[in-house]
Amino acid sequence: MRQFSSLAAVMVAVSAVATSAQAAEPPGWPAFRAMLQEMVETDTSYASGDCTALAHKTAARMKAAGFPAENLHVFVPEGSPKSGNLVAVLPGRDLKAKAVLMLGHHDVVNAFREDWTRDPYVLVEENGEFYGRGVSDMKAQNAIFADNMVRYHAEGLKPRRTIKLALTCGEEPSGFVNGAAWLAQNQRELIDAGIAVTEGGGGDLDDQGRKLAVTVMAAEKATTNFTLEVTGPGGHSSKPRPENPIIILSDALVKLGALPFPAEFNAFSRSYFEAVAPRVDAETGAAMRKVLVDPADTAAMAIVDRSMSRRAMIRTTCIPTLIDGGHASNAQPQRVRATVNCRLLPGQSVASVRAAMEKAIADPRVKFSAPPAPTSPRPAISTLTPQMVDPIVAVAAKVFPGVPVTPMQETFGTDSTRLIVAGIPTFGFSALFRGDDAGNIHGLNEHVSVQAVVDGREFLYRLVKVYAEQR
Ligand SMILES: [Zn+2]
């Protein structure tokens, strides 16, 4: 934990120099907004979209804004024509210094127009929010990254370290090829960096929209899917058998819904709770302090658990996400399957999670899929260094004065692990403030506030410049 001691000291010293950034339109906003709009309005979901199309569009837009064409590279993995990736390079002046890499995924989770209130593939600005598939995960950050490159080039910036951008496909599970892994394998030199920043963390807002903390992703979760299956002989629906697979599986899923994985703190969730407890309402703050001392305090935990994010930050979670069963409306089901998606805290084994689920369900008629391959030969914990964190603390003092900075345990996984295993130190920091639902990413009516994007853009513009001058 030594690497956080300097962070703790600086957190206390955060100055309160007020800025009046909100008053005027930020520099270059129309060009940035057009970039974001094009990204959102180019469907990059696996069901109906195309990453390659967006990689080419973004490259063309950067080129039209003056970015040298020879430093823009589109890579399309063989055999997967829609899995295109874009890499851009702004050369530094010190050829021996390792680069800074901005990594974003430009694919998005499927969004079906009939489910949404607004068209998911139109950037809608309404009541101070941007809506659209990907605005929060993670096209606003990608647009900020690409816009940074254009602005730095237009300014004639000659940074010490080379600054790189990689916008990749296939981070979300789908049939796309994972671009971060592909680049690490096939273009390792081109994306090589001494420090890489991607999604995760950012900032937490309370339900009044007040800033609680600037958060830096120090650890993520591993993901694994189980399939639960019940089969039966079926038969005419007019002569129901006593055992119906759909009912058996439903009972099992209800038990799973009530299965509490125990709360467990690690250094990062602990730091987050300590930073945020003094800044939330008194009841929640007191509960957060109590569970830090005693995670078995059920009354306090019930209050903490009102927040989806905090509840998930300190636990492994498993929920059913897909269900498929039956073969005719007038037949008893012969087979029903549920996909159960688990998000594992670092260090938790797939076997122990499976055992907990089997024990809770306690029904041999419910068959679990063969143990899935362990999800974590991938490391779930990056090594946050002062080189990564100190500049965030310094920029936060200017852009979000008075708001503490803390490392945190993320509730999901990112592509950072793909680069970490390839030897590129990577961590998550979006600079975007969001509420408890994180903009309902992966869900309906995904959103992010316009102000969060304005501030996050200012933050990342400054931050990457600082990284680029580091020794
Ligand atoms: Zn994402």
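Before reading on, note that the structure itself is shown above.
Residue positions within a chain follow its written sequence, with the count starting from 1. This being a predicted model, a pLDDT of at least 70 is required before a residue's local features are given, and a value of 80 or more before pairs of side-chain atoms are given or counted; all residues contribute to the totals for chains, interfaces and linings. Hydrogen atoms and water are omitted, and side-chain values are computed over all heavy atoms in the structure.

**Notes on the environment of Ser83**
Residue position: Ser83 is located in the loop between β1 (72–75) and β2 (85–90). Separated by 26 residues in sequence, Ser83 and Val109 place their C-alpha atoms 14 Å apart. By the convention used here, residues are in contact when the closest approach between their heavy atoms is within 4.5 Å. Excluding residues within four positions of it along the chain, Ser83 makes contact with Cys51, Thr52, Phe75, Pro77, Cys169, Phe176 and Val177. Contacts described as polar in this section are N or O atom pairs within 3.5 Å, which, within protein, must combine one atom able to donate a hydrogen with one able to accept it, while residues neighboring in sequence count only if both atoms come from side chains. Of note is the side chain of Ser83, whose polar atom sits 3.0 Å from the backbone nitrogen of Val177. Only DSSP runs of H or I with at least four residues qualify as helices, and only runs of E with at least two residues qualify as strands; both kinds are numbered from the N terminus onward.

**Some details on unusual backbone geometry**
In this chain, Asp137 is followed by Met138 through a cis amide linkage whose omega measures -10°. Residue placement: Met138 occurs in helix α4 (residues 135–155). Although it is not a glycine, Asn127 sits at a positive phi angle of roughly 50°. You can see Asn127 is positioned in the loop between β4 (124–126) and β5 (129–131). For the exposure calls, accessible area comes from a 1.4 Å probe over protein chains only, and a residue counts as buried if that area is under 20% of its type's maximum, exposed if over 50%, partly exposed in between. When its relative accessible area of 77% is taken as the criterion, Asn127 is described as exposed. Notably, Ala438 is not glycine yet its phi reads approximately 50°, a positive angle. Following the sequence through the fold, Ala438 ends up in the loop between β18 (433–434) and β19 (447–449). Note on Ala438: relative accessible area 22%, which makes it partly exposed.

**With respect to the packing of aromatic side chains**
Any Phe, Tyr or Trp ring, taking Trp's six-membered ring, that has another such ring centre within 6.5 Å forms a pair; planes under 30 degrees apart are called stacked, those over 60 apart edge-to-face, and the others tilted. For the structure shown, the criterion picks out 11 aromatic pairs. On the basis of an interplanar angle of 85° and a centroid distance of 5.0 Å, the ring pair of Tyr46 and Phe176 is categorised as edge-to-face. Residue Tyr46 is found in the loop between α2 (29–41) and α3 (51–64), and its partner Phe176 is found in the loop between β6 (163–168) and α5 (179–186); the two are separated by 130 residues along the sequence. Overall, the relative accessible area of 9% leaves Phe176 in the buried class. Where Phe400 meets Phe459, the ring centres are 5.6 Å apart and the plane angle is 25°; that geometry is what we call stacked. Separated by 59 residues along the polypeptide, Phe400 in the loop between α13 (386–399) and β16 (405–409) and Phe459 in helix α15 (residues 450–469) bring together distant segments of the chain. Taken together, the ring pairs in this structure connect Phe400, Phe429, Phe433 and Phe459 into an aromatic cluster. We call a charge positioned above a ring when the Lys NZ or Arg CZ atom is no farther than 6 Å from the ring centre and deviates by at most 35 degrees from the ring normal. Positioned above the aromatic ring of Tyr131 is the side chain of Arg118, whose terminal nitrogen or guanidinium carbon lies 3.6 Å from the ring centre.

**Considerations on the coordination of the zinc ion**
Looking at the zinc ion, the protein donor atoms are His105 (NE2), Asp137 (OD), Glu199 (OE) and Glu199 (OE), and they sit 1.8 to 2.7 Å from it. What the four donor atoms of the zinc ion show is an angle range of 52 to 151° at the metal, which sorts the shape as irregular. All donors of the zinc ion come from a single chain, and their spacing in sequence reads H-x31-D-x61-E. One end of the pair, Asp137, is in helix α4; the other, Glu199, is in the loop between β7 (195–198) and β8 (202–205), and 62 residues separate them in sequence. Of the residues examined, Asp137 reaches a relative accessible area of 6% and is grouped as buried. As a rule, N, O and S atoms within 2.8 Å of a metal are its donors, except that Na, K and Ca use 3.2 Å; water is not among the atoms, so sites may look incomplete. Here a site with four donors is tetrahedral if all angles are between 85 and 135 degrees, and a site with four or six donors is square planar or octahedral if opposite donors are over 155 degrees apart and the other angles are between 65 and 115; anything else gets the irregular label.

**Comments concerning the packing of α13 against α15**
Contact pair α13 / α15: the axes reach a minimum separation of 10 Å and the direction vectors enclose 135°. In terms of axis orientation, α13 runs oblique to α15. Both α13 and α15 take part in a crossing whose hand is right-handed. When α13 is examined against α15, the residues Gln387, Met388, Pro391, Ile392, Val395, Ala396, Lys398 and Val399 are found in contact with a partner set consisting of Asp455, Glu458, Phe459, Arg462, Leu463, Val466 and Tyr467. Note on residue classes: Ala, Val, Leu, Ile, Met, Phe, Trp, Tyr, Cys and Pro are nonpolar, Asp, Glu, Lys and Arg are charged, and everything else, Gly too, is polar. Class assignment for the residues of the contact of α13 with α15 results in 10 nonpolar, one polar and four charged. Fitted lines through C-alpha atoms serve as axes, helices being fitted only where they are in contact, and the angles separating the N-to-C directions of these axes extend from 0 to 180 degrees. Reported orientations rely on four angle classes, namely roughly parallel under 35 degrees, roughly antiparallel over 145, roughly perpendicular from 65 to 115, and oblique for the rest. The crossing is said to be left-handed when, going from far helix to near helix, the turn is anticlockwise and less than a right angle, and right-handed when the turn is clockwise.

**Points about the nonpolar core**
The tendency in soluble globular proteins is for nonpolar side chains to be buried side by side. What is meant by a nonpolar core is a set of buried Ala, Val, Leu, Ile, Met, Phe, Trp, Tyr and Cys residues, joined one to another through side-chain atoms within 4.5 Å. Counting 67 residues, the largest nonpolar core has Met62, Ile392, Phe427, Phe429 and Phe459 as its most contacted members. Ranked by the residues each element gives to this core, the list is headed by α15, at 11 residues. When sequence neighbours within four positions are dropped, the list of residues in contact with Ile392 reads Val214, Val216, Val405, Phe427, Phe429, Phe459, Leu463 and Tyr467.

**Observations regarding the environment of Leu165**
Tracing the sequence through the fold places Leu165 in strand β6. As for Leu165 and Gln470, which are separated by 305 residues in sequence, their C-alpha atoms are 18 Å apart. Setting aside its immediate chain neighbours within four residues, Leu165 contacts Met62, Leu86, Val87, Ala88, Leu101, Met102, Phe145, Ala146 and Met149.

**Structural notes on the state of the cysteines**
Sulfur atoms of two cysteines make up a disulfide when they are within 2.5 Å. This model, assessed by the stated rule, comprises two disulfides. Between Cys51 and Cys169 runs a disulfide, and the two sulfur atoms are separated by 2.1 Å. Given an S-S torsion of about 65°, the disulfide between Cys51 and Cys169 has right-handed geometry. Of this pair, Cys51 sits in helix α3 while Cys169 is found in the loop between β6 and α5, placing the two residues 118 residues apart along the sequence.

**Quick look at the pairing of strand β14 (residues 335–344)**
Taking burial as the measure, the 10 residues of β14 include seven buried ones, the bulk of the element. Where strand β10 (residues 222–231) and β14 come together, 10 bridges link them in antiparallel fashion. Bridged to Asn225 within β14 is Asn341. In terms of strand pairing, strand β12 (residues 317–325) meets β14 through eight bridges, oriented antiparallel. A pair of strands counts as paired when DSSP detects no fewer than two bridges linking them.

**As for helix α8 (residues 267–276)**
Of all 10 residues that make up α8, seven are buried, and the element is covered over most of its length. Among all positions of α8, only Phe268, Ser269, Ser271, Tyr272, Phe273, Ala275 and Val276 are buried.

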